[in-house]
Each structure stands twice: as structure tokens, then as C-alpha cells.
Amino acid sequence: APYPAPGTPGSHWANLRVELMSEFERLLDPSKIAIAGLSADPAKHGARVLAALRKLGFQGEIWGVNPGLPEIDAVDVFASVDDLPTPPDLVVAAVPGAAARDLIAGCRGVGWVILFAAGFAESGEEGRDRQEELVDTARSVGTRLVGPNSGGVIRPGTGLAASFLTCLDRPAAEIRSGPVGLVTQSGGTGSYLHNLAAARGEGIAVSISTGNEGDFELGEAIEAVSLLDDVKVILTVIETVRDGRRFIDAVRSAESRGKQLVACRIGTGQVGRRLMGSHTGAMAVAEKVMSGVFESLDVIATETPGEAYEVAVMLAHSEPARGGRVGIVTHSGGVAILLADLAGGAGLTLDPPGEILGEAVRAHLDHGSVGNPLDMGGIIGDPGRFASVVGEFSRSGDYDVVLAVSTAHPPSHTVTRARSLIELEQEAPVLHLWMAGDQASHGLAKLREAGMAITEEPRAAIRALVGLTRRTDATAPPAPIFGPPEHWGVPPLEGAVASNIAEGIVAADSLGYPVVVKLDGNAPAHKTDVAGVILDVRNRTELEEAFRSLLQLSQTSGLRSTSLRLQRFRPGLEVIVGAVRHDVFGPLVSVGLGGVLAEVLDDVVFSPAPITPLTALALIDRLDGRVLLDGYRGANAADVTELARIVSQVSRGIAGLAVEEFEMNPLIWDGTEWLAVDVYAS
């Protein structure tokens, strides 16, 4: 049936006279908002939303929806959404959870519904069922749902305050826009971050509280925020990732627009393991997988929301570094040591100044030392010395980014120091760590007012340096390999299968002693766990004993292995290369040191698959024991380039093949080549 013409009750924008707004624009830049559940009680959520919209100066149309038709100053109130003059871009649902489904059912033609009500998926099985009904209803009428249990959306620059959060109780002048966009699954944390920004004289460009994410989830919200021109950096507070591939795509899309992600992770404990057959599956716990995904995507992980905000603001106020060379200037020996420790733990390399730079700054030192971090020593003299040295570091060409660390100094120097740092002629970006105490708080305020990249927290400063200098392979992911594992270019170790000792003798003579004898066939992946592998068998006598032992083990343990596999014994450095099809993030590839002991050593890293060999090299470099691949106590250095090629091939294979797991364990470097000793797939 045809819909009424625009401008008449019941119109649903069905006749093409609809404003040309994209899906996200109707949420983040609406021109018409309806507040469902609006009442005259100022303590109710609906009244709070109206007050906040007026406070921030929203210029669009505002309607109320309430069957009781209360009289509210300067707001037209209608009995239902269907009675509105035209379907709004956004309905803010300040109604009880029990009324939510019926409300949404009447939102045909509405762009978005933000639902504050709780008591859905977060409350148990019955709540999950009710939430699914909400989502199904929203989809049936063609509207999108934010929530339930959402804290709403705030965008100060456009006057949008579709939220009940208490941060909106501040004076309007303190609810500012800024260069950071926020996506949080916790409404209360979002309110805290708005307050934190306000207290610093700053602001947040937009915040979205996704709540239970019945329809609109984390990845899509990140995508929406990344499209806004006033957002330079995206901050997200993550409790869980429901759609891993959508999250990965959204982060990559944001970074293609030059917008990096800073994440505060809540709930990072190991809450469980997938019961899978391989070591790779057992090691794919939530914490390690999330770390691998973040590292691979250049997401900067932080431990608290406040730290995440500090890092995000610093990144937003800095130009990208041209490379990874970091220089640090301070005038406190203790702080220099602290920062060296933090930088080393974050994987930053602090190379010493070159000869020319060293000579240039030496005259500015007072019992300090030329190094990196550079300790200027005493700072009582000329108040301009500190900025002079920072400028020398920035313009030297020795460093791609410089951290200027202002510790306690004479209060009379603060104004000159702040002014000289603001006016500094620089080439490499300069970040500021202000550790000068309350005596110098006016200098901190001046640097912030000038839009400098500055923090008072050393860890935040180091994480910002990581964010500016770390860049993953920008090459497009390689194509998957559509074929079985034997087509993935993995170097197998030559071997033979024997069902009795006679066949075993022939095989061993052909391979050459010493050999390895192990269970074959449908034996489990962890053969070493059940003593199913015997190493370094040197002659026929030892071979016969190995056969008797393993065949007896097979019969008595119920492993049902009717044959044994023999391989040439090739000791060497062991690694594990594996892949899993993760429940959330899809295909992942991993590499770790220790082979069959990798799970015990816990030195394994993950990445979304597929990846290029260059990305695989970066993955290998993140291993704690990476130095072992360069040769240890006279051992030949391993061919890391070839290892990266193998990791890349496995990543392409898991991306193209419908298997749950694949593993080479161990993959051995015998001093001359890589050999896959044991291969497992399921």
C-alpha cells in the first residue's frame, strides 16, 4: 500500500523525497530526533536527553513520543512514532525494556534507534532471547539499533547529545569537541573520558556507547567514527570483540584514512581455552590472540581508559614519524633510566646520537652525559638550554621522533621553557613528557593550549612513541592457497612408514641412522605427551626395542596406531608454525619458539591470516627468544627469511582451506635448512 505524502501523519519517507543521508550520517549528524519516553520529569532519561540537546545547541527538529501526551515547553509530543510528521533520522528510546519491542516495531522508515534500557543479553539466557527479538524486529522494519544497554551518542560539534550520561551535566562550555573519536562498550567509561577531557580543557569529537551490540557492533562503530573529518585518532574501550573479521576490516579501513586506533582492553584474563587437538589451538587463548591481532593492525594497547586517552591525544597532536629512530632528552638521570627501561620493554631501540649531534649538545650539558636518553645534568642555569638541545635532536637527522622530558626545574624558568618549546623550530616530531610537578603546572597548561603532544604519564609517552614509529606491512594481503597442505610449499622431512620391524629395518637402512621412530596414522598430535616418539635410534638393536615399545604402547593405550613412522634424526633449533580458524577472528597464523615445548615456554605470537612474508618477518621479530634465530654459542644463524616464507605460506593455506587447524611441530633448523618433522591438520 502507498504511504502518505511527506508532511502528513504516518509518512515514512517512502516516496523518494527523503534527505540524501548515508546510514551513518543519520546516526551521527541527524536533522530530526524523536525522544521516545519524553516526560516533564527532569530526572527521567528522556528529559535529560532534551536538556542536553538544548544545552549543546542542537539545531535540528526535536519531537517527543509519549502515549500520555504530556505538555513540554516548545516540544511537540506525539502518541507514537507512527504519528510523527515524518520518520526521524534518530529515535532515542528512553523507555523501559518491556516497551522496547513495540516501540521499535513502529519505527518503519526511522534511521536509527538508540536504546538505553538494560536487562537483555547481559542478564542471561532469557535476556538474550529478548534481545534477539528486538534485533529481528528492527530488521523487519528496516531500522538500525544501537544497544540495548547503550549510553548513547554524543557529538559536541553538532550539538548531538543522544545520551543520559552524567558528563552532560557539565556547563556547555566544558563539553567540547576534540580530535579523538571514542567507541566504548561501557557507557560509564565513556562518561569518565568526557569528564577527563573536560578537566584538561580538551574534548572528544564523538563518542558512541555500543552497549550489548545486538545489531550495531564494535567494528561498524569504528568504521562510522573513522569517516568523520574531525576525528584524527580513534580510542576504544573493549570488553569483547563479537565479529573479529569486521573489527579487523574496520581498523584497516580507518588506518587507510590515516586514523590509528588506541585501545583499552578490559577483561584480559585467560577465561578459557579451545579444546583443540594441536598445541596451536591450545595456545590460542583470548589474551594472546587479541595481542596478536592488535600488534598486526598497529593498534596501541593500553591498560586503563585514562592512559588510552593520554596516548590518543598525543597521537592526534603529532605528525607521523618517518621511521623508528627515537631520541629522548631529559635532565634527570633517574628519569633517563626509567624511560630506557620502558622503551626497551616496548621494543623501542634508543640509538646514541651521532658524532655531529653529540658535539653540538655537549656544550649544553652540566655534568650530564651524551647518550640516549640524553641526561643534561644540572638545569639551574640558562632557562633556554633545554629547548636548544631538544631542537638539536629534532633537526639533526639522527632521529625520526624526539621525546622532550621536562622534570623539576626552577619555577622562574617555566614560562620561558614553555614558550621556547612551543616556538621550537623542528623537523622530526617532538612529543612532551611533563614531569615537573605542580610548581610548573602553568607551563603544562600553556603547552596544552598550544596543541602540543604532551602527557604527564611516562607509560603513555612511550606508547605514543610506539604508535608513531610502528608501521606494519602496507602491502595488500596475499591471495589464499586453495589446496591441501602438501601444496603449501612446506619442506617435509623425508621419512617412511613401517608396520613391522622388518619394514622398519629396510626403512632405517635407507634413511641412514640415527633415526626417529614415532606413532603414525590416527595417533594424536601430541605424540610426545604419551611417549609416542623415540629419538636418536642409532642401530638395529635400538630400532627393534623402539618398535616393541611403541607397538605395545599403541595396543595398551587404545591409540590404535597400526604403523610407525621413521625419519632421519635431525636435531636443531625447534619452532612451531601453526594456524587455527578462530571462532571470532577467523583464520589466524602463529609462530613460536620451542617446538613441542612452545606451549610451556609461551613464546608464540599470532596474526590474522593471510600475511605477506614481510609481515611474517615482523611477526617473528616479536618473539621473546628471537635472538636464538641469529645463532647461539656457535650455532649457524637460521634462515629467517625462509622461515617467514613458510609462515606466509601456512597463513595463505589456512585462509583458503576449510580446516580448523594446521601445525608443523616441530619445524627444525638443522643448521642448513628448515625441515617439517611433524605435520598435523584437522
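Heads up: these notes are all about the structure in this document. (Residues numbered from 1 in each chain as written. Predicted model: local features only at pLDDT ≥ 70, side-chain atom pairs only at ≥ 80, totals over all residues. Heavy atoms only, no water.)

Looking at the overall build of the chain
Here is step 1 of the chain: Assigned secondary structure in the chain consists of 21 helices and 28 strands.
Here is step 2 of the chain: Each of the three principal axes of the chain carries a C-alpha extent, and together these read 100 × 80 × 40 Å.
Here is step 3 of the chain: Burial status across the chain gives 55% buried among its 682 residues.
Here is step 4 of the chain: Contacts spanning at least 24 positions in sequence make up 71% of the contacts within the chain whose residues lie at least 6 apart.
Here is step 5 of the chain: If you sum the accessible surface of the chain, you get close to 27900 Å²; carbon and sulfur atoms cover 52% of it. (Helix = DSSP H or I, 4+ residues; strand = E, 2+ residues; numbered from the N terminus. Buried < 20%, exposed > 50% of the residue type's maximum accessible area, 1.4 Å probe, protein only. Contact = heavy atoms within 4.5 Å. Areas by Shrake-Rupley, 256 points an atom, 1.4 Å probe, with all protein chains shown as cover.)

Description of a negative patch on the surface
Here is step 1 of the chain: Side chains of Glu-126, Asp-129, Glu-132, Glu-133 and Asp-136 sit close together on the surface and give a patch of like negative charge.
Here is step 2 of the chain: Looking at where Asp-136 falls in the secondary structure, it is placed in helix H4 (residues 125-141). (Patch = residues over 30% accessible without salt bridge, like charges linked within 9 Å, V, L, I, M, F, W, Y side chains within 5 Å. Salt bridge = Lys/Arg side-chain N within 4 Å of Asp/Glu carboxyl O. Lys, Arg positive; Asp, Glu negative; His and termini not counted. Charge placed at Lys NZ, Arg CZ, Asp CG, Glu CD.)

Notes on the packing of aromatic side chains
Here is step 1 of the chain: Tallied over the entire structure, the rule returns 7 aromatic pairs.
Here is step 2 of the chain: Considering the side-chain rings of Trp-112 and Phe-216, the 5.0 Å spacing of their centres and the 80 degrees angle between planes classify their relative orientation as edge-to-face. Of this pair, Trp-112 sits in strand E5 (residues 112-115) while Phe-216 sits in the loop between strand E10 (206-209) and helix H6 (218-226); the two residues are 104 residues apart in sequence, bridging distant segments of the chain.
Here is step 3 of the chain: Residue classification places Phe-216 among the buried residues on the basis of a relative accessible area of 0%.
Here is step 4 of the chain: Taken together, a centroid distance of 5.4 Å and an interplanar angle of 50 degrees make the contact between Trp-669 and Trp-674 tilted. (Phe/Tyr/Trp six-rings, centres within 6.5 Å; stacked < 30°, edge-to-face > 60°.)

A look at the sheet that holds strand E21 (residues 533-537)
Here is step 1 of the chain: An order of E19-E22-E20-E21 is seen for the 4 strands of this open sheet, with the pairing classed as antiparallel. Each end of this open sheet is capped by a strand with a single partner; those strands are strand E19 (495-498) and E21. Strand-to-strand twist in this sheet, taken as the mean axis angle between neighbours without regard to direction, amounts to 20 degrees. (Pairing = 2+ DSSP bridges. Axes fitted to C-alpha atoms, helices over the stretch in contact; angles between N-to-C directions.)

Examining helix H12 (residues 355-362)
Here is step 1 of the chain: Among all positions of H12, only Leu-357, Gly-358 and Val-361 are buried. Mapping the buried residues of H12 onto a view down its axis gives an arc of 100 degrees, with all of them on the same face. Turned more than 90 degrees off the buried face of H12, the exposed positions are Glu-355, Ile-356 and Glu-359.
Here is step 2 of the chain: Its buried side turned inward, H12 meets strand E15 (374-375) and helix H13 (385-395). (Arc of directions from axis to C-beta.)

Focus on a nonpolar patch on the surface
Here is step 1 of the chain: Side chains of Leu-597, Val-600 and Leu-601 sit close together on the surface and give an oily, nonpolar patch of about 320 Å² of accessible area.
Here is step 2 of the chain: Within the element layout of this structure, Leu-597 appears in the loop between strand E24 (586-593) and helix H19 (598-601).
Here is step 3 of the chain: Of the residues examined, Leu-597 reaches a relative accessible area of 48% and is grouped as partly exposed.

Some thoughts on helix H17 (residues 501-511)
Here is step 1 of the chain: For H17, every residue scored as buried is listed here: Gly-504, Ile-505, Ala-507, Ala-508 and Leu-511.
Here is step 2 of the chain: The backbone nitrogen of Ala-502 lies 3.1 Å from a side-chain oxygen of the residue at the head of H17, namely Asn-500.
Here is step 3 of the chain: Downstream of H17 by one or two residues, Gly-512 has phi in the positive range, about 95 degrees. (Polar contact = N/O pair within 3.5 Å; in protein donor to acceptor, adjacent residues only side chain to side chain.)

Digging into the sheet that holds strand E11 (residues 233-238)
The strands that make up a sheet are held in pairs by hydrogen bonds between backbone atoms, and each pair lies either parallel or antiparallel.
Here is step 1 of the chain: Across the sheet, 7 strands lie side by side as E8-E7-E10-E9-E11-E12-E13; this open sheet has mixed pairing. Of all the strands in the sheet, the pair left with one neighbour each is strand E8 (160-163) and strand E13 (300-302). Recorded for the sheet is a direction-independent mean angle of 15 degrees between the axes of neighbouring strands.
Here is step 2 of the chain: Here E11 pairs with strand E12 (residues 260-265) via 6 bridges, running parallel. Of the residues in E12, the one forming a bridge with Ile-238 is Arg-265.
Here is step 3 of the chain: Helix H16 (residues 458-469) contacts E12 and E13 of the sheet and is inclined by roughly 165 degrees relative to E13.

Section: the nonpolar core
Here is step 1 of the chain: Residues Leu-27, Leu-90, Phe-216, Phe-247 and Phe-585 are the most contacted members of the largest nonpolar core, which totals 65 residues.
Here is step 2 of the chain: Dropping the residues within four chain positions of it, Leu-90 is found in contact with Arg-26, Leu-27, Pro-30, Lys-32, Ile-33, Ala-34, Trp-112, Ile-114, Leu-160 and Ala-162.
Here is step 3 of the chain: Core analysis: the second largest hydrophobic core is formed by 41 residues, Leu-196, Cys-264, Leu-339 and Ala-460 among them. (Core = buried A, V, L, I, M, F, W, Y, C linked by side-chain atoms within 4.5 Å.)

Side note on the pattern of salt bridges
Here is step 1 of the chain: Across all of its chains, the model carries 33 salt bridges by this definition.
Here is step 2 of the chain: Here Asp-89 makes a salt bridge to Arg-26, at a shortest N to O gap of 3.2 Å. Taken together, the positions of Asp-89 in the loop between strand E3 (76-78) and strand E4 (90-93) and Arg-26 in helix H1 (residues 23-28) put the pair 63 residues apart, joining distant regions of the chain. A single burial state applies to Asp-89 and to Arg-26, both of which are buried.
Here is step 3 of the chain: The salt bridge partner of Glu-457 is Arg-459, with a shortest N-O separation of 3.1 Å.
Here is step 4 of the chain: Among the charged side chains, a salt-bridge network with shared partners connects Glu-23, Arg-139, Arg-144, Asp-215 and Glu-220.

Topic: the packing of helix H3 (residues 97-105) against H4
Here is step 1 of the chain: Relative orientation of the contacting elements H3 and H4 amounts to 15 degrees, with a least axis distance of 8 Å. Overall, the two elements H3 and H4 adopt an arrangement that is roughly parallel. In terms of crossing hand, the pair formed by H3 and H4 is left-handed. Only Glu-133, Leu-134, Thr-137, Ala-138 and Val-141 of H4 make contact with H3, whose side of the interface consists of Ala-100, Arg-101, Ile-104 and Ala-105.
Here is step 2 of the chain: The residue inventory of the contact of H3 with H4, partitioned by class, reads 6 nonpolar, 1 polar and 2 charged. (Parallel < 35°, antiparallel > 145°, perpendicular 65-115°, else oblique. Left-handed = near helix turned anticlockwise from the far one by under 90°. Nonpolar A, V, L, I, M, F, W, Y, C, P; charged D, E, K, R; others polar.)

With respect to the side chain of His-582
Here is step 1 of the chain: By the element assignment, His-582 lies in strand E23 (residues 573-582).
Here is step 2 of the chain: Of note is the side chain of His-582, whose polar atom sits 3.1 Å from the backbone nitrogen of Val-584.
Here is step 3 of the chain: Side-chain polar atoms of His-582 contact the backbone nitrogen of Phe-585, separated by 3.3 Å.

Thoughts on the pairing of strand E17 (residues 430-435)
Here is step 1 of the chain: E17 sits mainly inside the fold: 5 of its 6 residues count as buried.
Here is step 2 of the chain: With 6 bridges connecting them, strand E16 (residues 401-407) and E17 associate as parallel partners. Across the sheet, residue Thr-407 finds its bridge partner in E17, namely Met-435.
Here is step 3 of the chain: As a crossover connection, the stretch from E16 through helix H14 (residues 414-422) into E17 is right-handed.
Here is step 4 of the chain: Examined bridge by bridge, E17 and strand E18 (residues 454-455) share 2 bridges and lie parallel to one another. In the sheet register, Leu-433 faces E18, and the bridge partner there is Thr-455.
Here is step 5 of the chain: Of the crossover connections in this fold, the one passing from E17 over helix H15 (residues 441-449) to the parallel E18 is right-handed. (Right-handed = clockwise from strand over helix to strand, strands pointing away.)

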